[in-house]
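Structure assessment
Residue-level listing of the chains:
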Amino acid sequence: MKKHLFFVVLGILILVLGACSSETQNDQGDKNRLVIAISAEAGTLDPGVSMDNQAWKITYPTYERLVAYDGDKTTVKPALAKDWEISDDGKTYTFFLNEGHKFADGTEVDAEAVKFSFERTLKIGKGPSGLYSIIDNIEVVDPYTVKFELKNAFPPFISTLAANYGAIVNPKVMEHEKDGDLGQGYLSANTMGSGPYQLEEYNKGQYYKLTVNPHSAVKPNIDTVYFRISSDVSETRISLEKGEIDIAEGIPADQLDEVGQMDGVKLVQKPSLLVDYVYMNIGKGTDALKSKEFRQGISHAIDYDSIINETMQGFASRFVGPVPEGLWGHNPDSKVYEYDVDKAKELIQASGFEGAELDLLYSDNKPYWEELALTIQSNLEQVGVKVNLTKVAYPTMREKIDIGEFDLCVGVWSPDYGDPYMFMNYWFDSDNWGLAGNRSFYANDEVDQLIRKAATISDQAEREELYKQAQEIINEEAVYIYIDQQQFTLPMSEDVKGFVYNPMLEGIYNLAEMTK
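Below: a short report on this structure. (Residues numbered from 1 in each chain as written. Predicted model: local features only at pLDDT ≥ 70, side-chain atom pairs only at ≥ 80, totals over all residues. Heavy atoms only, no water.)

As for the overall build of the chain
Applicable threshold: By definition, any uninterrupted DSSP run of H or I lasting at least four residues is a helix, any uninterrupted run of E lasting at least two residues is a strand, and each is numbered from the N terminus. It is over C-alpha atoms that the radius of gyration is taken, and the globule rule equals 2.2 Å times the number of residues to the power 0.38. Note on classification: 1.4 Å probe, protein chains only; a residue is buried when its accessible area is under 20% of the maximum for its type, exposed when over 50%, partly exposed between these limits. Residue contacts are counted whenever heavy atoms from the two residues lie within 4.5 Å of one another. The Shrake-Rupley method, run with a 1.4 Å probe sphere, supplies the accessible areas, and residue values consider only the shown protein chains as cover. The charge count includes Lys and Arg as positive and Asp and Glu as negative, but it does not include His or the ends of the chains. By convention, the charge on Lys lies at NZ, on Arg at CZ, on Asp at CG and on Glu at CD.
Each helix and strand in the chain was counted, giving 16 helices and 17 strands. Here the C-alpha atoms of the chain give a radius of gyration of 24 Å, agreeing with the 24 Å that 2.2 N^0.38 yields for 516 residues. Dimensions of the chain along its principal axes, counting C-alpha atoms only, are 70 × 65 × 45 Å. Looking at the chain as a whole, 56% of its 516 residues are labelled buried. Here the analysis covers contacts within the chain between residues at least 6 apart in sequence; of these, 69% occur between residues at least 24 apart. Of the roughly 20,900 Å² of accessible surface on the chain, a fraction of 46% belongs to carbon and sulfur atoms. Here the chain contributes 47 positive and 82 negative side-chain charges, whose respective centroids are spaced 4 Å apart.

Right, here's the structure in full:
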């Protein structure tokens, strides 16, 4: 009887898994369905909480914002707002909304919804709230006019509204509020926006299914989009070759050329502002990391060229940071820590932390993180530093980053808008510890003063000079290990047309404009 029951259960499981697999496989003649393989599950989908590009893949096309990025440019264009005015002192922004935009339930998007969304983010008090703490007041002038009063001038403000955290959320989310969470629990796995798509189904560990928002002002060409979760690179490659998927994320760099030569597959390649780096937990990590000499030492211990040529297979260049090449504020003369084992040993010895032991945190979110972690472990072993590897699920990794439960941690970052604030203020302001951006838990009063001043003035040359002064201090103190600046490379079916890469929207698709 038990054996019979076992086979019945096994049969049901096989049927279920088979159904999940076929659900996300392409009918090669179906021009109305797009399947994208992603390498890891997203964290929360709540735009008032998330600071994660993995989640933004799902949420960006399901919400609208006051402004949007203009194609592949870093400048913005009208979206929900048809026009706007900025006061002479740079502190008041007045937006005039388009009429007729509707949430997926048919409710109209109005000025009250805009006010609600930003006030909700501020009340939640997580990741995006730090950026919008600059807002002093939001006034509904009339149903289609909303006014933002800022505490002080903040030149990047208009661009921040095009990022995911500028999403306008249906106020009816409050019907799903539990224990005062403002609907966070519900929005962690659901969407309530007015974008061209809506999240129809989330099958944990399997896929996210987007369908067209029937009330959207934009009518997409593709009716259904699947984000299929697949950490198995071999399976992803085979599925792309067979035409079962249209876009393959997570292909390791050493396989990209080969995948790009498959019949019916093309490689999209663009310059990128995406950078790889390592957080050194200065504020909450082991005592050794509080020593500038020790941090400088391990920065010299990393074989950067080997990582770029072998781990990244040449699809990257040396990251001269903290502002990457291609974004204003980049300083090509910034201090760079070259690979120098003798210098590394000398600095570590001077620090008094010879023989230190560090925990390195990473996950399977990126296919190359395993090799990168092993390379760092090997490099630091050569200079007498023992590294223990801690691999966890991506959502767990983000939780640990937020509370500072690590010594070293691999990371990636791409800007959400075209301003060095995205690097300088997020990464180094002592108010942004954790997932908000300062993931080395770094604090320096002089740096705080310089970067905060730079964020409040409009003259770009003056801002650039302040940021340059801060960079000199930061790089001397070796706050992060700058690994590489990537080239964007994505394998996709030749049948896919209309994809536009925007460096502000790394890993995010302009689904409404794409066709097959």
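The discussion continues.
Some details on the sheet that holds strand β4 (residues 81–86)
Stated formally: Two strands qualify as a pair provided DSSP detects at least 2 bridges between them. Every axis corresponds to a line fitted to the C-alpha atoms, with the helix fit spanning only the stretch in contact, and the corresponding angles, defined between N-to-C directions, vary from 0 to 180 degrees.
Spatially, the 4 strands line up as an open sheet ordered β4-β5-β7-β6, and their pairing is antiparallel. Each edge of the open sheet is held by one strand with a lone partner, namely β4 and β6 (135–142). Adjacent strand axes in the sheet meet at a mean angle of 20° when their direction is disregarded. Note: β6 against strand β7 (residues 145–150), 6 bridges, orientation antiparallel. Each bridged residue has a counterpart across the sheet, and for V140 the counterpart in β7 is V146. Against the sheet, helix α3 (residues 111–124) touches β5 (92–97), β6 and β7, its axis set at about 165° to β6.

Focus on helix α13 (residues 394–403)
Here is the rule we go by: This arc describes the spread of directions from the helix axis toward the C-beta atoms.
Every buried residue of α13 is listed here: Y394, M397, R398, K400 and I401. With its buried residues spanning 160° around the axis, α13 presents them on a single face. Looking at the buried side of α13, the elements it contacts are α2 (53–59), β12 (265–280), β14 (357–362), α12 (369–381) and β16 (408–413). Looking one or two places after α13, you find G404, whose phi comes out positive at around 80°.

Quick look at the pairing of β16
Looking along a regular strand, one sees side chains alternate from face to face of the sheet. By the criterion of burial, β16 is predominantly enclosed, with 6 of the 6 residues buried. Burial of β16 is two-sided: the residues L408, V410 and V412 facing one way and the residues C409, G411 and W413 facing the other way are all buried. As paired strands, β12 and β16 are joined by 6 bridges and run antiparallel to one another. Looking at β16, one finds that V275 is bridged to W413. One ladder, built from 2 bridges, connects β14 with β16; its direction is parallel. Its bridge partner being in β16, L361 is matched across the sheet by C409.

Describing the pattern of salt bridges
Counted only if it meets this: Here, a salt bridge means any side-chain nitrogen of Lys or Arg that lies within 4 Å of a carboxyl oxygen of Asp or Glu.
Within this structure, the stated rule accounts for 16 salt bridges. A salt bridge links E249 to K57; its shortest N-O distance comes to 3.0 Å. Of this pair, E249 sits in the loop between β11 (247–248) and α8 (253–260) while K57 sits in helix α2, placing them 192 residues apart in sequence. In this structure, E249 and K57 share a single accessibility class: buried. For E476, the salt bridge goes to K292, with nearest N and O atoms at 3.8 Å. Taken together, the positions of E476 in helix α16 (residues 460–476) and K292 in helix α9 (residues 292–300) put the pair 184 residues apart, joining distant regions of the chain. Its relative accessible area of 33% is what places E476 among the partly exposed residues.

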